[in-house]
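Here's the letter readout for the chains.
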Amino acid sequence: MIKDLQDKISKAGATLVTVSKTHPPEKILAVYRQNCRDFGENKVQEMVDKHQALPKDIRWHLIGHLQTNKVKYIAPFVHLIHSVDSLRLLQEIEKQAVKAQRVISCLLQFHIAQEESKSGLTLAEACSLLEDASFKTLKHVQICGVMGMATFTEDQQQIRQEFRNLKNTFEYLKSNYFPDQSEFRQISMGMSGDWEIALEEGSTMVRIGSLIFGART
Ligand SMILES: *Cc1c(COP(=O)(O)O)cnc(C)c1O
């Protein structure tokens, strides 16, 4: 089943991020053995523990809300932070990246859903972040693209439209702020219930949990 999923995702030119939150290391290892190397977690402590316990060639993706006081725990190893939603957070990532002597890749998270609960930036907020003089001084963070979560709904047209909006946001930022940066290329969108629509709408990274691991308890 994973093989089939991997084939469809790679055929679309996208990356599968297997969302392993709440699942124990043994279950993650079983998926790792089926050639998955990208795993997503939404809690810092859980990611740190799993990073310690599991093979070091795993690429860890932080997909949940990140508090500034916790950046230091993941800065030495995190592969990609999908959930950047403020300049203050970026400044802290910069500070910890300097300490860890690396450049940390990040995505800007956008609010695309109609639900209040799903966090993220508006386009106007992202523009003011990118135009802020202090953003330009950050040399140890690399903005690699955008991330968003669609509304949890049966309405496929609504989901499609929200993904389309995120893709448009990506294109707008690409041409206005990152025209010569090939690193700015990721559109992280699509989960277990909507990954096929996301790929059709230009996703480069799908974050899939329950479809692979079964329902979380
Ligand atoms: C939990 C989670 C996922 C995966 O959700 P599934 O429906 O289990 O595939 C994807 N993205 C984010 C941000 C999540 O928190």
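Our structure is the block above this text.
Report follows, based on the coordinates. This structure is a prediction, so every number in the text was calculated from the model and none was measured.

**Some details on the overall build of the protein chain**
Step number 1: In terms of helices and strands, the protein chain carries 9 helices and 8 strands.
Step number 2: Against the compact-globule benchmark of 17 Å for 217 residues, the protein chain has a radius of gyration of 17 Å, which places it among compact chains.
Step number 3: Seen through its C-alpha atoms, the protein chain measures out along the principal axes to roughly 45 × 40 × 30 Å.
Step number 4: Considering the protein chain as a whole, with its 217 residues, one finds that 51% of them fall into the buried category.
Step number 5: Put simply, 58% of the contacts in the protein chain that link residues at least 6 apart link residues at least 24 apart.
Step number 6: Within the protein chain, one finds 27 positive and 26 negative side-chain charges whose respective centroids are separated by 6 Å.

**Some thoughts on unusual backbone geometry**
Step number 1: The residue threonine 22 is not glycine, and still its phi comes out positive at about 75°.
Step number 2: Note that threonine 22 resides in the loop between β1 (15-19) and α2 (25-32).
Step number 3: Of note, the phi angle at asparagine 35 is positive, near 80°, even though the residue is not glycine.
Step number 4: With respect to the helices and strands, the residue asparagine 35 is situated in the loop between α2 and β2 (38-41).

**A word on the site of the ligand**
Step number 1: What surrounds the ligand is the set Val19, Lys21, Ile63, Met147, Met149, Met191, Ser192, Arg207, Ile208, Gly209, Ser210 and Arg216.
Step number 2: Serine 192 is positioned such that a nitrogen or oxygen atom in its side chain is 2.5 Å from an oxygen atom of the ligand.
Step number 3: In the complex, the protein chains occlude 90% of the 390 Å² of accessible area that the ligand would expose alone.

**Examining helix α1 (residues 2-11)**
A turn of α-helix holds 3.6 residues, and therefore any two residues three or four places apart point the same way.
Step number 1: Ile2, Leu5, Gln6 and Ile9 are the residues of α1 that are buried. When α1 is viewed along its axis, its buried side chains cluster within an angular range of 100° and face the same direction. In α1, the exposed residues that point more than 90 degrees away from the buried face are Lys3 and Lys11.
Step number 2: The inward-facing, buried residues of α1 contact β1, α2, α8 (195-200), β8 (205-208) and α9 (210-213).
Step number 3: One or two positions beyond α1, positive phi appears at glycine 13, with a value near 75°.

**Some details on helix α6 (residues 123-131)**
Step number 1: Among all positions in α6, only Ala126, Cys127, Leu129 and Leu130 are buried. An end-on view of α6 places all buried positions within 160° of arc, on one side of the element.
Step number 2: Structurally, α6 contributes buried residues whose contacts are with α5 (87-100), β5 (104-110) and α7 (156-177).

**Considerations on the packing of aromatic side chains**
Step number 1: This model, assessed by the stated rule, comprises 3 aromatic pairs.
Step number 2: Ring pairs connect the aromatic residues Phe170, Phe178 and Phe184, which therefore count as one cluster.
Step number 3: The side chain of arginine 37 reaches across the aromatic face of tyrosine 32, ending 3.6 Å from its centre.

**Remarks on the nonpolar core**
Step number 1: Counting 63 residues, the largest nonpolar core has Ile9, Ile74, Ile81, Leu90, Ile93 and Phe110 as the members making the most contacts within it.
Step number 2: For isoleucine 74, the residues in contact, after removing those within four places along its chain, are Val44, Met47, Val48, Leu62, Leu66, Ile81 and Arg102.
Step number 3: Grouped together as the second largest cluster of nonpolar side chains are 6 residues, Leu80, Leu107, Met147 and Met205 included.

Scoring rules and cut-offs
Residues numbered from 1 in each chain as written. Predicted model: local features only at pLDDT ≥ 70, side-chain atom pairs only at ≥ 80, totals over all residues. Heavy atoms only, no water. Helix = DSSP H or I, 4+ residues; strand = E, 2+ residues; numbered from the N terminus. Rg over C-alpha atoms; globule rule 2.2 N^0.38 Å. Buried < 20%, exposed > 50% of the residue type's maximum accessible area, 1.4 Å probe, protein only. Contact = heavy atoms within 4.5 Å. Lys, Arg positive; Asp, Glu negative; His and termini not counted. Charge placed at Lys NZ, Arg CZ, Asp CG, Glu CD. Near = heavy atom within 4 Å. Polar contact = N/O pair within 3.5 Å; in protein donor to acceptor, adjacent residues only side chain to side chain. Areas by Shrake-Rupley, 256 points an atom, 1.4 Å probe, with all protein chains shown as cover. Arc of directions from axis to C-beta. Phe/Tyr/Trp six-rings, centres within 6.5 Å; stacked < 30°, edge-to-face > 60°. Lys NZ or Arg CZ within 6 Å of the ring centre and 35° of its normal. Core = buried A, V, L, I, M, F, W, Y, C linked by side-chain atoms within 4.5 Å.

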